[in-house]
Amino acid sequence: MRKWIALLGLLSPLLAVETGTHWANPADFVQLRKLGYQYAVVSFSTRESEWKSTFDAADAAGIRLVAGVYPPPYTLSNGSWTISSAGQRFLSYAATRSTTVKAIFGFNEPYWTNPFTGTTSYCGNLSATELRSLRNAIRQVWPEAKVYHDIGNPSAWAPGGTLRRQYACIGDKYADQTGVADFVGIWAYPFDKNGQYNKTESLETLRIETSYTRTQMKAEPVLLGQSFLCPNCGEATRFPSVAELQDWNCALRTLKPESLSWYVWQQEIYADYLKLHPSHWTSTSASVCPGATTPQIKASIAGESLIENTSAPGAILSLYGTNFSTQTASTGGYPLPRTLAEVVVMINGIAAPLYYVSPTQINVQVPWENRTGSLLLQVLSSGVESNALSLLVVDSYPSLFTFPYKTLELAAALNAITNAVITTDTPAKTESIVALFASGLGALQSTNPPSGEPFLEAASITTPLSVKVGGVAATVLYAGAAPGFAGVYQVNAKLPPGLSPGNYAVWIEMAGRASNGGLLPVR
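Please read all numbers here as calculations on a predicted model, not as lab measurements.

Caption draft 1: Looking closely at the overall build of the chain. Helix and strand counts for the chain come out as nine helices and 35 strands. If one aligns the C-alpha atoms of the chain with their principal axes, the spans along those axes are about 90 × 50 × 40 Å. Looking at the chain as a whole, 55% of its 523 residues are labelled buried. Across the chain, contacts joining residues at least 24 apart in sequence account for 67% of those joining residues at least 6 apart. Element-wise, carbon and sulfur atoms account for 53% of the exposed surface of the chain, whose accessible area totals about 21,000 Å².

Caption draft 2: Examining the state of the cysteines more closely. Within the structure shown, the criterion is met by three disulfides. Covalent S-S linkage joins C123 and C169, the inter-sulfur distance amounting to 2.0 Å. Between C123 and C169, the S-S dihedral sits near -95°, and the bridge is therefore left-handed. Highlighted residues: C123 in the loop between β6 (101–108) and α5 (128–141) and C169 in the loop between α7 (162–166) and β8 (183–186), separated in sequence by 46 residues. Note on C123: relative accessible area 27%, which makes it partly exposed. Across a sulfur-sulfur distance of 1.7 Å, C230 and C233 are joined as a disulfide pair. Because the sign of the S-S torsion sets the handedness, a value of about 60° for the bond joining C230 and C233 places this disulfide among the right-handed ones. For C233, a relative accessible area of 39% translates into the label partly exposed. What links to what in the chain: the bonded cysteines, counted in sequence order, pair as 1-2, 3-4, 5-6.

Caption draft 3: Focus on the nonpolar core. Core analysis: the largest hydrophobic core is formed by 64 residues, its most contacted members being F29, L65 and I104. The element best represented in this core is α5, accounting for five residues. Here F29 is in contact with A24, A40, V42, T54, A57, A58, A61, I63 and L65, once residues within four sequence places are set aside. Listed in part, the 32 residues of the second largest apolar core include W368, I422, A459 and A474.

Caption draft 4: Layout of the sheet that holds strand β11 (residues 259–263). Strand order in the closed barrel formed by eight strands is β1-β2-β3-β6-β7-β8-β9-β11, and the pairing between neighbours is parallel. Strand-to-strand twist across the sheet, computed as the mean angle between neighbouring axes with direction ignored, equals 30°. Looking at chain direction, strand β1 (residues 18–22) and strand β2 (residues 39–44) are connected through three bridges and run parallel. Across the sheet, the residue bridging to H22 is V41, located in β2. Where helix α3 (residues 48–61) meets the sheet, it contacts β2, β3 (64–69) and β6, and its direction lies at approximately 170° from that of β2. Across the sheet, helix α8 (residues 199–215) is in contact with β7 (147–152), β8 and β9 (220–226); its angle to β9 comes to roughly 155°.

Caption draft 5: Broad picture of the packing of α8 against helix α9 (residues 242–253). Direction vectors running N to C along α8 and α9 enclose 30°, while the axes themselves pass 11 Å from each other. The angle between the axes of α8 and α9 places the two elements in the roughly parallel class. Two packed elements cross with a definite hand, and for α8 against α9 that hand is right-handed. Across the interface between the two elements, K199, S202, L203 and L206 of α8 pack against D247, W248, A251 and L252 of α9. Per-class residue counts for the contact of α8 with α9 are five nonpolar, one polar and two charged.

What counts and what doesn't
- Residues numbered from 1 in each chain as written.
- Predicted model: local features only at pLDDT ≥ 70, side-chain atom pairs only at ≥ 80, totals over all residues.
- Heavy atoms only, no water.
- Helix = DSSP H or I, 4+ residues; strand = E, 2+ residues; numbered from the N terminus.
- Buried < 20%, exposed > 50% of the residue type's maximum accessible area, 1.4 Å probe, protein only.
- Contact = heavy atoms within 4.5 Å.
- Areas by Shrake-Rupley, 256 points an atom, 1.4 Å probe, with all protein chains shown as cover.
- Disulfide = S-S within 2.5 Å.
- Core = buried A, V, L, I, M, F, W, Y, C linked by side-chain atoms within 4.5 Å.
- Pairing = 2+ DSSP bridges.
- Axes fitted to C-alpha atoms, helices over the stretch in contact; angles between N-to-C directions.
- Parallel < 35°, antiparallel > 145°, perpendicular 65-115°, else oblique.
- Left-handed = near helix turned anticlockwise from the far one by under 90°.
- Nonpolar A, V, L, I, M, F, W, Y, C, P; charged D, E, K, R; others polar.

Right under this line is the structure:
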């Protein structure tokens, strides 16, 4: 696992167009993940009992949430917002599940519709100033929260926009829309009341709105793709065909929004919606657009010199193959994400936490919740499924971290007293204490952390092990969690006496299995 020293430096991920949908239920999450969707817009009640189950279902499926509470827990008085106690509890809870939250859903069409009374007005309801104030109020409860509003055509409300020219009563409410939200839902539905597919006109409208959202609002645009029928709406008066939906899907992606949400997956106020059309589902994924390729797993590597499809719960596993991703991305911290650069790794139906994704390699943690036995592993890249790999998961499967140094493959080891990295330039001394780093050492005597979470404190493993240096047993002083890292274990060992200067092969033996080896320089 020579790349791990660098990978633990955590590079910033490159972003791609994410795919999501409005108003899905937890029972839909697995299907959405199979289609290559990364998120779902959901609405919560104020009942706390439903929060955890929905978040847990999202985590298990590898889906993030744009999460809102209905009825809205916000009230406005004299330009100031008050968040109800239930709303504050929800925001506080969402903060504890922050890696699952893409954004907090605010309002649907707050310029056009009063969210508290349902009345509409061409003069505008909530102003940009009021929505900025709401975003600030939310961030007083959860400082890192990102806020999402569905607005539609924000440029139309600004000075010089089509609505502002028609309705002078709008005034300057929307002259400055910066800071209104972090994500703004925009749309132009191409299947009109006359049954025409107005692709060119609608695409140009969205091109304008995408640019306006980024440059004038300083927010990320989320395009809403039409996947519903509403005979009384004056637009979206027919459902698209499979070919039309696929064509519109791929056209929207050329605009390079932050994400694309299919509106709607299901919502009873509409006469028809996407969930009722299984034949249309694959037409909404990135995989159907030109350039999509099928990922192929060629090997899994539990140790740098050990190519076997075997691992252990909580262990770090490297997958090698082709077409995993069109980009290279690493995680930005903990908890580890279940989706990275439009890639998901499923192990027996559980989305696994990801460290690193590239076109030819994926580094992933085997979820702690995976049972032992023969399991199926599969990569989904933008919704395209790879071949399935049979993965044998056992209680423990030791794997030593190594790294290339000059012409040698060294064990990842530190002087346990000084924390200096052991190399040929800074070798260990005979009978000194070294700290080796490994994966796959199994359960701890204390509770294992959640999948994707780092070890928080030192804790010994439950299965004994031995360390061999040049075939001679070292004295193991500690074998357990390496605090601050997910899936990484530390083994402190006192080197045998009488070692002459040289580079010694070092490895771990555990439960009848020997790990891969690396060289340990000794002087």
